[in-house]
Amino acid sequence: MRLREAFAILLGASASVVRGEGFWDGWQPSLGPAWQWTGLRSSDGGYWLNATEEVLGDVQDLYWNGTSWPSTIQWIGAVINTIVTSAVETFGDALQETNTDEDVSRFQADIQKYFTQIEAYYGSEDTIQIFGAAYDDAQWVVLEWLEVIKLMKNYQPYLGPTTDSSVLARFAHRAHVFYNIVQNHFDTSTCGGGITWNPALLPYKNAITNELFISSSIGMYLYFPGDNDTDPYPAPNYITQTGKILPELQYVTAYDMTFLNNAVQEYQWFKGQNFTNSQGLIVDGFHISAGQTSCDERNEMVYTYNQGVLLSGLRGLWEATGDASYLTDGYGYISTAIEATGWNAENDTTANEWAGLGRNGIMEDYCDSHGDCSQDATIFKGVYFHHLSLFCEPLPEQTALIPGVTYIAPAELAAQHRSQCSSYRAWIEHNAHAALSSRDTSYRIGQWWGASFFDALVQAETPRPVTVPLNSTDYRNKPWVLTGSPWTCTDAVSCATYEQSTPSSDDSITVHRRNELQDRQANVNVQKTTVETQAQGLAVVDAAAKFLMR
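Residues numbered from 1 in each chain as written. Predicted model: local features only at pLDDT ≥ 70, side-chain atom pairs only at ≥ 80, totals over all residues. Heavy atoms only, no water.

*Asks:* So what exactly am I meant to see when it comes to empty space enclosed by the protein here?
*Replies:* If you roll a probe as big as a water molecule over the atoms, it shows you where there is empty space left. A full pass over the atoms with the stated rule returns three cavities of 30 Å³ or more. For the largest cavity, the calculated volume is near 90 Å³. Lining the largest cavity we find Cys392, Pro394, His417, Arg418, Cys421, Ser422, Phe547 and Arg550. It is helix α15 (residues 411-422) that provides the largest number of residues to the lining of the largest cavity, a total of four residues. (1 Å grid on protein atoms, 1.4 Å probe; cavity = no way out; pocket = protein on both sides within 12 Å on 5 of 7 lines; lining within 4 Å. Points joined across faces, edges and corners; volume = space filled by probe spheres on them. Helix = DSSP H or I, 4+ residues; strand = E, 2+ residues; numbered from the N terminus.)

Quick look at the structure:
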């Protein structure tokens with residue numbers, strides 16, 4: 001029995017086929033606005049669980065070499081491993097809801113298969129490279145292994161006989177090593193606080209690094225089991241490769257208050273720093289003018305992942321403090337992001353217009369429709385939907401006491417959270433369907449989820465060119481800008497990397513690709529399909545499955 005069939009029985013819904021279906025073909029005007037279309041099976045849990053299994057299988061079948069995804073870069077590898085782990089947790093949730101031998105066997109086989117691959121990635125992860133990278137890169141590794149630790153704690157009976165305490169200890173130590181990189185870099189000498197993005201550049205305090213510090217800090221407080229291994233090195237051959245000797249790590253226990261204090265302090269600074277634009281979207285970050293100590297030059301660039309990472313941190317802060325204002329702030333950020341995709345447009349004309357973070361109810365980064373996203377940007381939407389899922393996990397409705405942590409959700413608050421998060425489900429399903437509709441004949445999910453909407457429904461109209469906001473620098477997709485003012489790269493290796501990415505004066509390939517993507521009939525055919533685009537598709541499909549189970 002397929003996973004989709006087992007879950008369909010659970011919810012009393014009919015099983016459905018995912019592959020090869022033309023989702024937008026099912027829409028008719030009588031069914032409501034096309035930009036809010038969630039399909040004929042929006043209540044069919046089997047559909048989304050099956051989609052999660054299929055997309056995860058395709059990620060591994062197409063790109064996994066037995067120990068890693070060799071075509072990606074290291075920080076994205078950590079994100080992909082996190083998304084894979086989250087999907088395995090979805091199978092664990094479904095397993096706990098079924099009681100037939102056949103279903104149990106199926107779910108457990110998938111869980112053990114993918115957990116074995118997660119363990120394999122631990123051994124192949126290029127920790128030395130990412131250890132010396134920017135401060136945001138290190139924190140993706142922290143969140144990666146904290147997610148695996150959560151999986152082990154919640155689903156230990158299903159993981160197989162090799163998952164003893166020594167495995168958990170190895171994962172915890174890696175999280176500790178990488179958190180140690182950033183934990184003392186909250187700097188009040190400039191901008192009153194925050195962490196600088198990249199030590200190889202002039203100070204730039206950006207959203208993602210500081211959002212990650214909130215989420216990694218509160219994650220360490222809530223889920224880190226402690227670590228008494230004082231070895232500070234990310235790999236045994238670190239000294240040989242780098243020539244650097246590091247001080248020993250300090251022993252850290254579970255629920256160390258330093259982690260909570262870091263998260264609280266960081267969010268207080270972030271919220272007071274004015275990271276949001278007139279729409280309420282989180283902009284990228286702040287430069288500091290020569291001779292100044294305040295963050296006085298704001299980069300207005302908007303990326304999808306900047307809207308999401310903060311959410312898991314806010315959820316964790318509520319769980320550690322009981323302060324419901326953290327949840328309220330999270331609802332506000334989510335509503336802003338949904339609104340900025342055109343989800344609440346009044347008519348098809350306004351729905352087709354760029355709304356700040358997409359159009360036609362579908363999330364987009366600025367680079368998606370141009371076809372010139374960097375490797376970094378091809379995972380951004382996946383990051384968003386993963387952290388949205390974490391934020392919307394049901395609140396515990398009884399008091400739970402553990403050393404250093406007290407959390408309780410009064411019934412009224414738990415119901416409010418459940419209701420608020422349920423209101424996002426239709427939008428998530430709309431985006432999940434859009435991602436699936438971007439697949440090619442090999443079932444590889446594309447980067448621009450909105451392409452098929454234009455192909456199927458907009459018909460005569462080609463998408464209008466999207467331009468980045470005023471006073472913004474899109475350094476994530478144009479990394480060569482980092483070699484000049486106001487960034488001024490000072491590290492020879494990093495500078496060489498950025499310079500190598502500089503386009504020629506006659507960038508005919510990029511121009512040709514953009515022209516193709518503006519041709520409605522060519523949209524799906526020229527989609528960028530990589531392990532990153534497949535993984536971010538997995539994240540949104542997995543979110544749809546999770547939200548329906550809840």
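Right, picking up where we left off after that structure.
*Asks:* Whenever I open this one, the side chain of His387 confuses me. Can you help?
*Replies:* As for its placement among the helices and strands, His387 is situated in helix α14 (residues 380-391). Residue contacts for His387: discarding those within four places in its chain leaves Trp140, Leu143, Gly308, Val309, Leu311 and Ser312. (Contact = heavy atoms within 4.5 Å.)

*Asks:* Looking at this structure, how should I read the packing of aromatic side chains?
*Replies:* For any pair of aromatic rings, the description rests on two quantities: the centre-to-centre distance and the angle between the ring planes. The tally for this structure, following the rule as stated, stands at 39 aromatic pairs. For the pair Phe385 and Trp449, a centre-to-centre distance of 6.0 Å together with 40° between the ring planes defines the contact as tilted. With Phe385 in helix α14 and Trp449 in the loop between α16 (425-437) and α17 (451-458), this pair connects stretches of sequence that are 64 residues apart. Judged by relative accessible area, Phe385 falls into the buried class, the value being 0%. (Phe/Tyr/Trp six-rings, centres within 6.5 Å; stacked < 30°, edge-to-face > 60°. Buried < 20%, exposed > 50% of the residue type's maximum accessible area, 1.4 Å probe, protein only.)

*Asks:* Got a minute to help me understand the nonpolar core in this structure?
*Replies:* Soluble globular proteins tend to pack their nonpolar side chains together in the buried interior. Counting residues in hydrophobic clusters, the biggest one holds 170 residues, and the most contacted among them are Trp48, Trp140, Phe270, Ile379, Phe385, Leu388 and Tyr424. The element best represented in this core is helix α6 (residues 135-155), accounting for 13 residues. Ignoring any residue separated from it by four or fewer positions in sequence, one finds Tyr424 in contact with Tyr331, Ile334, Ile338, Leu388, Cys392 and Phe547. (Core = buried A, V, L, I, M, F, W, Y, C linked by side-chain atoms within 4.5 Å.)

*Asks:* Looking at this model, I keep getting lost on α6. Mind explaining?
*Replies:* Think of an α-helix as 3.6 residues a turn; residues three or four steps apart then line up on the same face. Taking 1.5 Å as the rise per residue, α6 with 21 residues should run 30 Å; its terminal C-alpha atoms sit 31 Å apart, in good agreement. α6 sits mainly inside the fold: 19 of its 21 residues count as buried. (Expected span 1.5 Å × (residues − 1).)

*Asks:* So what exactly am I meant to see when it comes to the packing of helix α3 (residues 74-95) against α6 here?
*Replies:* Two packed helices can be described by the angle between their axes and the distance between those axes. Taken N-terminus to C-terminus, the directions of α3 and α6 make an angle of 20°; their axes are 9 Å apart at the nearest point. The angle between α3 and α6 places the two elements in the roughly parallel class. The interaxial crossing formed by α3 with α6 has left-handed handedness. Contacts between α3 and α6 pair Trp75, Ala78, Val79, Asn81, Thr82, Thr85, Val88, Glu89, Gly92 and Asp93 from the former with Asp137, Trp140, Val141, Leu143, Glu144, Trp145, Glu147, Val148, Lys150, Leu151 and Tyr155 from the latter. Among the residues forming the contact of α3 with α6, the class breakdown is eleven nonpolar, four polar and six charged. (Axes fitted to C-alpha atoms, helices over the stretch in contact; angles between N-to-C directions. Parallel < 35°, antiparallel > 145°, perpendicular 65-115°, else oblique. Left-handed = near helix turned anticlockwise from the far one by under 90°. Nonpolar A, V, L, I, M, F, W, Y, C, P; charged D, E, K, R; others polar.)

*Asks:* Whenever I open this one, the pattern of salt bridges confuses me. Can you help?
*Replies:* Applying the stated criterion across every chain yields a total of 15 salt bridges. The partner of Asp542 in a salt bridge is Lys546, with the nearest N and O atoms 2.6 Å apart. Separated by four residues within a single helix, Asp542 and Lys546 lie in helix α20 (residues 531-549), roughly one turn from each other. Judged by relative accessible area, which is 7%, Lys546 ranks as buried. (Salt bridge = Lys/Arg side-chain N within 4 Å of Asp/Glu carboxyl O.)

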